[in-house]
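# Descriptive structure summary
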Amino acid sequence: MLLLKLLLVPALIWLISAAARKWGPGVAGALAGFPVITGSILLILTLEQGPDFARQAALASAMGAAANVVFGIAYSWATLRWRWPLCLPLGVAGYALAVVASQAAALPPWPAAMLGLAFLPLAGFLFPAPPATANPLLREAGMVPRMAAGALLVLVITSLSQKLGPSLSGVLAVFPVLASVLGVFTHASAGPAAAIRLLRGMVRGFYAFIAFCLALAGALDALRPASAFLLALSLAVLVQLAVMWLGRHRH
């Protein structure tokens, strides 16, 4: 189980980083919104805490996706004036405020998850337009910190899950580790325009993310965990392909 926590998520982060170099920040952002880290955390929670715990955490994660997007919005606006050392805490502050608001609302799990889904179409309009600047190539750097950050998040959330409970564990499982690490890396190496495109691209990926969470929450009630995860992942892949296809045809 420890090896799963330490190796799975860093490997997935490496794959997304490779996609950023090959296809650019927009496509990488959409892939980063896919349930990479959170899906891994929910799998570990299922194995360690049981399907019922993971089901509740999955619904909370669907709502937590909205908080992750708020991080991207806050970070993106900050890039128009400041460099990443100030943008990062401002983005995290936006995420924290969104988490506090979601917990204070105390909505039932399924309506809260649907609210997270309903926020996505609006979120795209809340990002600033990328500055009209040249787009330098991403430099080869920062891979080890990105992979270490992903492994650390999984260790922290899964280690504290019994104390946090399923709701807060699910929300914190969507902590923007990919958005923050990849956003900072892109901002520092390629400028604010690339960072904004990456973070805005993540909104497209969150449709697949929420589809995964909702399908998993429903399937864990009726199927074995392995079948439930396979079904949820298959649906997420289909949603991701559909969203990316629609995005290409709109442009």
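Residues numbered from 1 in each chain as written. Predicted model: local features only at pLDDT ≥ 70, side-chain atom pairs only at ≥ 80, totals over all residues. Heavy atoms only, no water.

### Section: the overall build of the protein chain
Rule in force here: The helix count covers DSSP runs of H or I at least four residues long, the strand count covers runs of E at least two residues long, and both are numbered beginning at the N terminus. A 1.4 Å probe rolled over the protein chains alone gives each residue an accessible area, and that area as a share of the maximum for its type sets the label: buried under 20%, exposed over 50%, partly exposed in between. We call two residues in contact when some of their heavy atoms are within 4.5 Å. Here, Shrake-Rupley sampling with a 1.4 Å probe gives the accessible areas, and only protein chains in the shown set may cover a residue.
In terms of regular secondary structure, the protein chain is built from 10 helices and zero strands. Taken from N to C terminus, the helices and strands of the protein chain fall in the order α-α-α-α-α-α-α-α-α-α. Per-residue burial over the protein chain gives 51% buried out of 251 residues. Taking contacts inside the protein chain between residues at least 6 apart in sequence as the whole, the part at least 24 apart equals 83%. Split by element, the accessible area of the protein chain, about 11500 Å² in all, is 72% carbon and sulfur.

### Considerations on the pattern of salt bridges
Defined as follows: When a carboxyl oxygen of Asp or Glu lies within 4 Å of a side-chain nitrogen of Lys or Arg, that pair is called a salt bridge.
Taken as a whole, this structure holds two salt bridges when the rule is applied. Taking the shortest distance from any N to any O, the salt bridge between Arg55 and Asp52 comes out at 2.7 Å. In this pair, Arg55 and Asp52 are both assigned in helix α4 (residues 51-79), three residues apart and thus about one turn of the helix distant. The exposure class of Asp52 is partly exposed, given its relative accessible area of 44%. Arg55 is the salt-bridge partner of Asp221, the closest N and O atoms lying 3.2 Å from each other. In this pair, Asp221 sits in the loop between α9 (192-219) and α10 (225-250) while Arg55 sits in helix α4, placing the two residues 166 residues apart along the sequence. According to the relative accessible area criterion, Asp221 is exposed, its value standing at 58%.

### As for helix α6 (residues 109-123)
Test applied: The span expected for a helix works out to 1.5 Å for each residue beyond the first.
Taking 1.5 Å per residue as the helical rise, α6 with its 15 residues ought to reach 21 Å, and the 21 Å between its terminal C-alpha atoms agrees with that figure. Where α6 is buried, its residues contact α4 and α9.

### Remarks on the environment of Ile73
Along the polypeptide, Ile73 turns up in helix α4. Accessibility expressed as a relative area gives 12% for Ile73, which makes it buried. Sequence separation of Ile73 and Phe127 is 54 residues, and the distance between their C-alpha atoms is 5.4 Å. Each residue touching Ile73, except ones within four places of it in the same chain, is listed here: Phe119, Ala123, Leu126 and Phe127.

### Describing a nonpolar patch on the surface
Applicable threshold: Patch membership is restricted to residues that have no salt bridge and whose relative accessible area is over 30%. Joining uses 9 Å for like charges and 5 Å for the nonpolar side chains Val, Leu, Ile, Met, Phe, Trp and Tyr.
Taken together, the side chains of Trp82, Leu86 and Leu90 present a nonpolar region at the surface, about 250 Å² in accessible area. Among the structural elements, Trp82 can be located in the loop between α4 and α5 (84-105).

### Points about the packing of helix α8 (residues 177-190) against α9
To keep it simple, the criterion reads: For every element, the axis is a line fit to its C-alpha atoms; helices are fit only across the contacting stretch, and the angle between N-to-C directions ranges from 0 to 180 degrees. Reported orientations rely on four angle classes, namely roughly parallel under 35 degrees, roughly antiparallel over 145, roughly perpendicular from 65 to 115, and oblique for the rest. The sense of a crossing depends on the near helix, which, turned anticlockwise from the far helix by less than a right angle, makes the crossing left-handed and, turned clockwise, makes it right-handed. Residue type decides the class: Asp, Glu, Lys and Arg count as charged, Ala, Val, Leu, Ile, Met, Phe, Trp, Tyr, Cys and Pro as nonpolar, and the leftover types, Gly among them, as polar.
Here α8 crosses α9 at 155°, and the two axes come no closer than 7 Å. By the angle between their axes, α8 is roughly antiparallel relative to α9. Read as a crossing pair, α8 and α9 show a hand that is right-handed. Only Pro192, Ala194, Ala195, Leu198, Leu199 and Met202 of α9 make contact with α8, whose side of the interface consists of Ala179, Leu182, Gly183, Thr186, His187 and Ala190. Residue composition of the contact of α8 with α9, grouped by class: nine nonpolar, three polar and no charged.

### A closer look at the layout of surface pockets
To be explicit about the condition: In the cavity and pocket records, a cavity denotes points on a 1 Å grid over the protein atoms alone where a 1.4 Å probe fits but cannot get out, a pocket denotes an open set with protein on both sides within 12 Å along at least 5 of 7 lines, and lining residues are residues with an atom within 4 Å of a point. Grid points are joined across faces, edges and corners, and a volume is the space filled by probe spheres set on the points.
Reported here for the second largest pocket is a volume of approximately 270 Å³. In terms of lining residues, the second largest pocket is bounded by 14 residues, among which Gln103, Leu107, Pro109, Ala112 and Ser167 are the most central. If you list the elements that add at least two residues to the lining of the second largest pocket, you get α4, α5, α6 and α7 (143-172). The residue makeup of the lining of the second largest pocket, split by class, is 10 nonpolar, four polar and no charged.

### A few points about α5
Operational definition: When we speak of the arc, we mean the arc of directions from the helix axis to the C-beta atoms.
Spanning 22 residues, α5 covers 31 Å between terminal C-alpha atoms, matching the ideal 32 Å at 1.5 Å per step. Every buried residue belonging to α5 is among Cys87, Gly91, Gly94, Tyr95, Ala98, Val99 and Ser102, and all of these are buried. Considered in projection along α5, the buried side chains sweep an arc of 135° and stay on one side of the axis. Seen from the open side of α5, the exposed residues pointing more than 90 degrees away from its buried face are Pro85, Leu97, Val100 and Ala104. Looking one or two residues past α5, Ala106 carries a phi angle of roughly 50°, positive in sign.

### Concerning the UniProt feature "transmembrane region" (unreviewed entry) in the protein chain
Quick reminder of the rule: UniProt positions are given in the numbering used here, feature names are shortened, and annotations may be inferred rather than shown by experiment.
Under the feature "transmembrane region" (unreviewed entry), the UniProt entry names residues 28-45, 57-78, 110-129, 141-161, 167-190, 202-220 and 226-247. Counting secondary structure, residues 57-78 comes out at 100% helix and 0% strand; the distance between its end C-alpha atoms is 31 Å. Helix makes up 95% of residues 202-220 and strand 0%, whereas the separation of the span's terminal C-alpha atoms amounts to 26 Å.

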